[in-house]
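Spelled out from the first residue to the last, the chains are:
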Amino acid sequence: MLNQIKGLHHVTSMASDARRNNEFFTRKLGLRRVKKTVNFDAPDVYHLYYADEFGTPGSVMTYFPFPDIGKGRHGVGEVGTTVFSVPEGTLGYWEKRFADESVGNVARSTSFGEKRLTFTGPDGDSFALVEDKADSRAPWVKGGVPGDEAIRGFHSVALRLKDGGATEELLKFMGYEEVDKSGNVRRLAIKNGNGADMVDIESLPGAGFANLGAGSVHHVAFAVEDRARQLEVRKALVDTGYGVTPVIDRDYFWAIYFRTPGGVLFEVATNEPGFDRDEDTAHLGEALKLPTQHQHLRPYLEQHLQKLED
């Protein structure tokens, strides 16, 4: 069993409109845009990052907004719900805020004894807020949400799978252990993690497969401290039979990717070097930052990329 993984690093999803996506996360959810860059493989498409003040691993929601992308179809083989942590007693505040901001499909529920508020994003993305009184992470307090109510970071992700058994074994190999179960959902957690410590696996043998599009999660990333630990994880996965990519430089972290038995794309990302490698912390996410190989496209991109509200 591995011990290098420290919880979630980021979740990356697809969107249909960059301006609407930016407005939802920065205004309605009160997160900070910590990076405005472009997709490495499609530089005419933004890659937008939303998080806490510093872009701390375990708080980072990222999006590829493809203007002409079709709507995703939810099903098995994907991250079904991305769950954020908020302080105890704050769901009433968020219910009112979501009503005022016309956020869709807001509903209260309880899961694993935790109070939660489910809602959808602009492309039908499935989200939830969970009250977690033990979460001591510092929030971003300049996004219009008071610090006593603000999002702390990720609480968990929920995977929807035809058969969760093989993916559960993979997560246990990665250092997770089962801590609870409820019906067809098993909860796994990492010990001594970064606060974004849990993964839920929902087994739905009769459900249809998901189809990637706007509102879909593209991949979920797990955090390791540095490149040395990442290489240890990569070797262990390869030795176990997984097809893992070489290490890829993503400017703000190094990444490796592999497909899970249930069909979900996993990434293992380093905490280094961080989002302040090319911007002062006070000005994260303000300027358009381009990977070195795309710098020559700056005049075109600054002209053609959709303008975003700061």
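Because the structure is a prediction, the values reported are computed rather than measured. (Residues numbered from 1 in each chain as written. Predicted model: local features only at pLDDT ≥ 70, side-chain atom pairs only at ≥ 80, totals over all residues. Heavy atoms only, no water.)

Below, the discussion takes up the sheet that holds strand S7 (residues 114-120). In spatial order, the strands read S6-S7-S8-S5-S9-S12-S11-S10; together these eight strands make up an open sheet with mixed pairing. With partners counted over all chains shown, the strands left at the sheet margins are strand S6 (104-111) and strand S10 (176-182), one partner each. Between one strand axis and the next, the sheet turns through 25 degrees on average, direction left out of account. Across five bridges, the pairing between strand S11 (residues 185-190) and strand S12 (residues 198-203) is antiparallel. Bridge assignment links arginine 186 to a residue of S12, and that residue is isoleucine 201. Each of strand S5 (78-86), S6, S7 and strand S8 (126-131) is contacted by helix H2 (residues 91-100), which is oriented at about 15 degrees to S7, the strand it contacts most. (Pairing = 2+ DSSP bridges. Helix = DSSP H or I, 4+ residues; strand = E, 2+ residues; numbered from the N terminus. Axes fitted to C-alpha atoms, helices over the stretch in contact; angles between N-to-C directions. Contact = heavy atoms within 4.5 Å.)

As summarised here, the arrangement of the eight strands in space is S2-S3-S4-S1-S13-S16-S15-S14, forming an open sheet in which the pairing is mixed. Each edge of the sheet is formed by a strand with only one pairing partner; in this case those strands are strand S2 (32-38) and strand S14 (248-249). The sheet contact formed by strand S15 (residues 253-259) and strand S16 (residues 265-273) spans six bridges and is antiparallel. Residue pairing for S16: phenylalanine 258 is matched across the bridge by phenylalanine 266.

With that settled, the discussion passes to helix H4 (residues 227-240). Look at H4: 20 Å from first C-alpha to last across 14 residues, which is about the 20 Å you get at 1.5 Å a residue. Of the positions making up H4, those classed as buried are Gln230, Val233, Ala236 and Leu237. When H4 is viewed along its axis, its buried side chains cluster within an angular range of 125 degrees and face the same direction. Pointing more than 90 degrees away from the buried face of H4 are the exposed residues Lys235 and Asp239. On the buried face of H4, the contacting elements are helix H3 (165-173), strand S13 (217-224), S15 and S16. Backbone nitrogen of alanine 228 and a side-chain oxygen of the N-cap are separated by 3.3 Å at the start of H4; the cap is aspartate 226. Positioned one or two residues after H4, glycine 241 has a phi angle of 110 degrees, which is positive. (Expected span 1.5 Å × (residues − 1). Buried < 20%, exposed > 50% of the residue type's maximum accessible area, 1.4 Å probe, protein only. Arc of directions from axis to C-beta. Polar contact = N/O pair within 3.5 Å; in protein donor to acceptor, adjacent residues only side chain to side chain.)

Moving on, we come to the layout of surface pockets. Over the atoms, a rolled probe matching the size of one water molecule traces out where space is still vacant. As a volume, the largest pocket reaches approximately 310 Å³. Looking at the largest pocket, it is lined by 16 residues, and the ones nearest its centre are Thr26, Leu31, Arg32, Arg33 and Asp310. Taken together, the elements giving at least two residues each to the lining of the largest pocket come down to helix H1 (18-28) and S2. In terms of residue count, the dominant contributor to the lining of the largest pocket is H1 (four residues). (1 Å grid on protein atoms, 1.4 Å probe; cavity = no way out; pocket = protein on both sides within 12 Å on 5 of 7 lines; lining within 4 Å. Points joined across faces, edges and corners; volume = space filled by probe spheres on them.)

The amide bond that connects glutamate 272 to the next residue, proline 273, takes the cis arrangement and shows omega of -5 degrees. Mapped onto the elements of the fold, proline 273 is located in strand S16. A positive phi angle, close to 55 degrees, is found at serine 102, a residue other than glycine. When you line up the elements, serine 102 lands in the loop between H2 and S6. The exposed category is assigned to serine 102, whose relative accessible area is 62%.

UniProt's feature table lists "domain: VOC" (unreviewed entry) at residues 7-132 and 153-271, given in the numbering used throughout. With 17% helix and 45% strand, residues 7-132 has its two end C-alpha atoms placed 16 Å apart. Split by type, residues 153-271 is 19% helix and 44% strand. Its first and last C-alpha atoms lie 15 Å apart. (UniProt positions renumbered as here; feature names shortened; annotations may be inferred.)

The next point concerns empty space enclosed by the protein. Evaluated as defined, the whole model comprises two cavities of 30 Å³ or more. Put simply, the largest cavity is a space of about 60 Å³. Lining the largest cavity we find 14 residues, and of these Gly80, Asp125, Ser126, Gly215 and Val217 sit closest to its centre. Put simply, the parts of the chain that give the lining of the largest cavity at least two residues each are strand S4 (60-65), S5 and S8.

In this structure the tally under the stated criterion is 18 aromatic pairs. With centroids separated by 5.5 Å and ring planes inclined at 90 degrees, the aromatic side chains of tyrosine 93 and tryptophan 94 adopt a geometry described as edge-to-face. Taking relative accessible area as the criterion, tyrosine 93 reaches 25% and is therefore assigned partly exposed. Seen from their ring centres, phenylalanine 258 and phenylalanine 266 are 5.9 Å apart, and the 85 degrees between their planes marks the pair as edge-to-face. The same class applies to phenylalanine 258 and to phenylalanine 266, which are both buried. Three or more aromatic residues link up through ring pairs in this structure, and these residues are Phe24, Phe25, Tyr50, Tyr63, Phe84, Tyr93, Trp94, Phe98, Phe119, Phe127 and Phe154. The lysine or arginine in question, arginine 250, covers the ring of phenylalanine 40, its NZ or CZ lying 5.0 Å from the ring centre. (Phe/Tyr/Trp six-rings, centres within 6.5 Å; stacked < 30°, edge-to-face > 60°. Lys NZ or Arg CZ within 6 Å of the ring centre and 35° of its normal.)

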